[in-house]
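Chain and residue survey
In case you want the letters, here they are:
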Amino acid sequence: MSTAAATSNRDLPHPASGDIRLESVLHALSDPMRLRIVRELAADSDELTCSQFALPVTKSTSTHHFRVLREAGVIRQCYRGTAKMNGLRRDDLDELFPGLLDALLAAAARQAARLGG
């Protein structure tokens, strides 16, 4: 997977829209913690800092999950001061895979309701 070059040591590499692959997106969303992150981002129309997610994992594991989502092209991350901001790449995903994100989010919501989570 090719990634856009980072312009400074605080800029994070992201795949260009045309380099986002379906299998990478599906792999990234196959993990319950990463799906939880995406559901929270989809529910909030704004960007969220990493610390706004109450994930029941260590900080290093949380960092790993955000990196997988970023490298798959599911989220965009950028620094604002010392905070790492996270936003869903909904426009890119909807253009490349129309209806996929909405279908996955709806299925995840139905599953959470069925399982009580």
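A brief report on the enclosed structure follows. (Residues numbered from 1 in each chain as written. Predicted model: local features only at pLDDT ≥ 70, side-chain atom pairs only at ≥ 80, totals over all residues. Heavy atoms only, no water.)

Below, the discussion takes up the overall build of the protein. When helices and strands are tallied, the protein shows five helices and three strands. Along its sequence from the N terminus, the protein presents helices and strands in the succession α-α-β-α-β-β-α-α. Against the globule reference of 13 Å for 117 residues, the protein gives a C-alpha radius of gyration of 14 Å, in line with a compact fold. In terms of principal-axis extent, the alpha carbons of the protein reach across some 45 × 30 × 25 Å. When each of the 117 residues of the protein is scored for burial, the buried share is 33%. Here the contacts in the protein between residues at least 6 apart in sequence split such that 60% fall between residues at least 24 apart. Counting only carbon and sulfur atoms, one obtains 52% of the accessible surface of the protein, whose full area is about 6,800 Å². In the protein, the 15 positive side-chain charges and the 14 negative ones have mean positions that sit 7 Å from each other. (Helix = DSSP H or I, 4+ residues; strand = E, 2+ residues; numbered from the N terminus. Rg over C-alpha atoms; globule rule 2.2 N^0.38 Å. Buried < 20%, exposed > 50% of the residue type's maximum accessible area, 1.4 Å probe, protein only. Contact = heavy atoms within 4.5 Å. Areas by Shrake-Rupley, 256 points an atom, 1.4 Å probe, with all protein chains shown as cover. Lys, Arg positive; Asp, Glu negative; His and termini not counted. Charge placed at Lys NZ, Arg CZ, Asp CG, Glu CD.)

What follows concerns empty space enclosed by the protein. Counted under the stated rule, the structure contains one cavity of 30 Å³ or more. Of the voids in this model, the largest cavity is the one considered here, and its volume is about 40 Å³. Along the walls of the largest cavity sit Val25, Leu29, Leu93, Phe97, Leu100, Leu101 and Leu104, which together make up its complete lining. For the lining of the largest cavity, the elements supplying multiple residues, two or more each, are helix H1 (22–29) and helix H5 (100–115). Broken down by element, the lining of the largest cavity gets its largest block of residues, three residues, from H5. Of the residues belonging to the lining of the largest cavity, the class tally is seven nonpolar, no polar and no charged. (1 Å grid on protein atoms, 1.4 Å probe; cavity = no way out; pocket = protein on both sides within 12 Å on 5 of 7 lines; lining within 4 Å. Points joined across faces, edges and corners; volume = space filled by probe spheres on them. Nonpolar A, V, L, I, M, F, W, Y, C, P; charged D, E, K, R; others polar.)

On to the environment of Leu41. Checked against the element boundaries, Leu41 lands in helix H2 (residues 32–43). Exposure remark for Leu41: the relative accessible area of 3% places this residue in the buried category. With 47 residues separating them in the primary sequence, Leu41 and Leu88 have C-alpha atoms 6.0 Å apart. Ignoring sequence-local partners within four residues, the contact set of Leu41 consists of Leu48, Phe53, Ile75, Asn86, Gly87 and Leu88.

Of all hydrophobic cores here, the largest spans 22 residues; its most connected members are Val38, Leu69 and Val74. Elements with a minimum of two residues in this core: H1, H2, helix H3 (59–72) and H5. When neighbours within four sequence positions are excluded, Val38 is seen to be in contact with Leu29, Leu69, Val74, Leu88, Leu101 and Leu105. (Core = buried A, V, L, I, M, F, W, Y, C linked by side-chain atoms within 4.5 Å.)

Turning our eyes to something else, we now look at the pairing of strand E3 (residues 83–88). Along any regular strand, the residues point their side chains to alternate faces of the sheet. Here two bridges tie strand E1 (residues 48–49) to E3, and the two strands are oriented antiparallel to one another. Across the sheet, the residue bridging to Thr49 is Met85, located in E3. One ladder, built from six bridges, connects strand E2 (residues 75–80) with E3; its direction is antiparallel. Residue pairing across strands places Cys78 opposite Met85, the latter belonging to E3. Hairpin geometry of E2 and E3 is characterised by an intervening segment of two residues between the two adjacent antiparallel strands and by a positive phi of about 65° at Gly81. (Pairing = 2+ DSSP bridges.)

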